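Coordinates in review
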Amino acid sequence: EVELLESGGGLVQPGGSLRLSCAASGFTFSSYSMGWVRQAPGKGLEWVSSVTGSGSNTYYVDSVKGRFTISRDNSKNTLYLQISSLSAEDTAAYYCAKGGTKGNREVDSWGQGTLVTVSS
Amino acid sequence: DVVMTQSPLSLPVTLGQSASISCRSSQSLAHSDGNTYLNWYQQRPGQSPRRLLYRVSNRDSGVPDRFSGSGSGSDFTLKISRVEAEDVGVYYCMQGIQWPYTFGQGTKLEIK
């Protein structure tokens, strides 16, 4: 059974940084694209970043380019998202997402989410 | 970016009745590989999203056959037959044709 366990969220001041982690199990981690999707309180879902199975290709939504960095350690079955220069607009639950057979085009599993709150 | 537009945004349904959600994309979701990358997700209150259908009409394991998907190009529909109390939540369509992948605004299904 696929399990995705996020951690690293919390309260951070504007301009601050955090590193989110997602520990994966139940599948061959290196064979699947992974990504991060966020959801602001009471709002809809927004793709943030995506990475291929090898880690060689990364993608970002325009609003986070230059501020967020996605990476993965396939030896540890762990996905990361380094988030910096945070503003109130980045306040959200951040979900770790596993790609399906055709990659992140069809995410098939989600973690429980980790909440990032940006506030002074 | 590809804009995904769902309707209605609120869907009150009587138990046992059917419900339909429309999802339209600003461009065709048909890929040159022959697939159409349109997925449906359910998010129950307080839970993470769960995939129901992928590539328009392929139902995920464990998803009741009351859920079905149809459509092509840029016009898609999720149908829920015989709505049950456990179906309460928000339903999202998502396109996977072009990065950034984008979701519809969500349709909140509630029981009348």
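What this report covers is the structure whose coordinates are included nearby. Every residue gets a number counted from 1 within its own chain, in the order that chain's sequence is written. Whichever chain is written first becomes A and whichever ligand is written first becomes 1, with later ones labelled in order. pLDDT decides what is reported in this predicted model: residues at 70 or higher carry local features, side-chain atom pairs at 80 or more are listed and counted, and totals for whole chains, interfaces and linings draw on all residues regardless. Neither water nor hydrogens contribute to the side-chain values; these are computed over all heavy atoms in the structure.

1. Quick look at the nonpolar core
By convention a nonpolar core is built from buried Ala, Val, Leu, Ile, Met, Phe, Trp, Tyr and Cys residues, the set being connected through side-chain atoms within 4.5 Å. Here's how the labels work: a residue is buried when its accessible area is under 20% of the maximum for its type, exposed when over 50%, partly exposed in between, all with a 1.4 Å probe on protein chains only. A:Trp36, A:Leu79, A:Leu81 and A:Tyr94 are the most contacted members of the largest nonpolar core, which totals 26 residues. Listing elements by their share of this core, those giving two or more residues are strand S3 (18-25), strand S4 (34-39), strand S5 (45-51), strand S7 (68-73), strand S8 (78-83), strand S9 (92-98) and strand S11 (114-118) of chain A. No other element matches the four residues that S3(A) contributes to this core. Should any heavy atoms of two residues lie within 4.5 Å, those residues are considered in contact. Those residues in contact with A:Leu81 that lie beyond four places of it in its chain are A:Leu18, A:Arg19, A:Leu20, A:Trp36, A:Val48, A:Ser49, A:Phe68, A:Thr69, A:Ile70 and A:Tyr94. Counting 24 residues, the second-largest nonpolar core is a separate cluster that includes B:Ala19, B:Val56, B:Val63 and B:Cys93. Counting from the N terminus, the helices are DSSP H or I runs at least four residues long and the strands are E runs at least two residues long.

2. Description of the sheet that holds strand S8 (residues 75-80) of chain B
Consider a sheet: its strands pair through backbone hydrogen bonds, and that pairing is either parallel or antiparallel. Residues and elements named next belong to chain B. Here a strand pair is declared whenever DSSP counts at least two bridges between the two strands. Read across the open sheet, the four strands follow the order S1-S3-S8-S7; overall the sheet is antiparallel. At either margin of the open sheet sits one strand with a lone partner, and together these are strand S1 (4-7) and strand S7 (67-72). Direction aside, neighbouring strands of the sheet carry axes that sit 20° apart on average. In terms of strand pairing, S7 meets S8 through six bridges, oriented antiparallel. Its bridge partner being in S8, Ser-72 is matched across the sheet by Asp-75. Comment: axis = line fitted to C-alpha atoms, over the contacting stretch for helices; angle = value between 0 and 180 degrees taken between N-to-C directions.

3. A closer look at the state of the cysteines
When the sulfur atoms of two cysteines come within 2.5 Å, that pair is taken as a disulfide. Counted according to the given criterion, the structure contains two disulfides over all chains. The disulfide that involves A:Cys22 links it to A:Cys96, with 2.1 Å between the sulfurs. A torsion of -75° about the S-S bond marks the disulfide between A:Cys22 and A:Cys96 as left-handed. Here A:Cys22 is found in strand S3, whereas its partner A:Cys96 is found in strand S9, with 74 residues between them in sequence. For the pair shown, A:Cys22 and A:Cys96 are each scored as buried. Disulfide pairing is shown between B:Cys23 and B:Cys93; the S-S distance is 2.1 Å. Between B:Cys23 and B:Cys93 the disulfide shows an S-S torsion of about 80°. By sign, it is right-handed. You can see B:Cys23 sitting in strand S3 (residues 19-25) and its partner B:Cys93 sitting in strand S9 (residues 89-95), a full 70 residues away along the chain.

4. Considerations on the side chain of A:Thr91
Residues and elements named next belong to chain A. Counting through the fold element by element, Thr-91 comes out in the loop between S8 and S9. In the analysis that follows, any N or O atom pair within 3.5 Å is treated as a polar contact, provided that within protein one partner can donate a hydrogen and the other can accept it, and provided that, for residues neighboring in sequence, both atoms belong to side chains. In this structure the side chain of Thr-91 is engaged in a polar contact, spanning 2.9 Å, whose partner is the backbone nitrogen of Val-118. In contact with Thr-91, not counting residues within four places along its chain, are Ala-40, Pro-41, Val-116, Thr-117 and Val-118.

5. What about the pairing of S5(A)?
Both faces of the sheet carry side chains from a regular strand, because those side chains alternate between them. Residues and elements named next belong to chain A. Among the seven residues that make up S5, six are buried, leaving the element largely enclosed by the rest of the structure. As paired elements, S4 and S5 share six bridges and run antiparallel to each other. By the bridge assignment for S5, Val-37 is matched with Trp-47. In this structure, the hairpin formed by S4 and S5 is closed by a connection of five residues, where Gly-42 is found at a positive phi of approximately 70°. Both S5 and strand S6 (residues 58-60) contribute to a ladder of three bridges, which runs antiparallel. Looking across to S6, one finds that Val-51 is bridged to Thr-58. Linking two consecutive strands that pair antiparallel, namely S5 and S6, is a turn of six residues; a positive phi of about 90° is found at Gly-55 within it.

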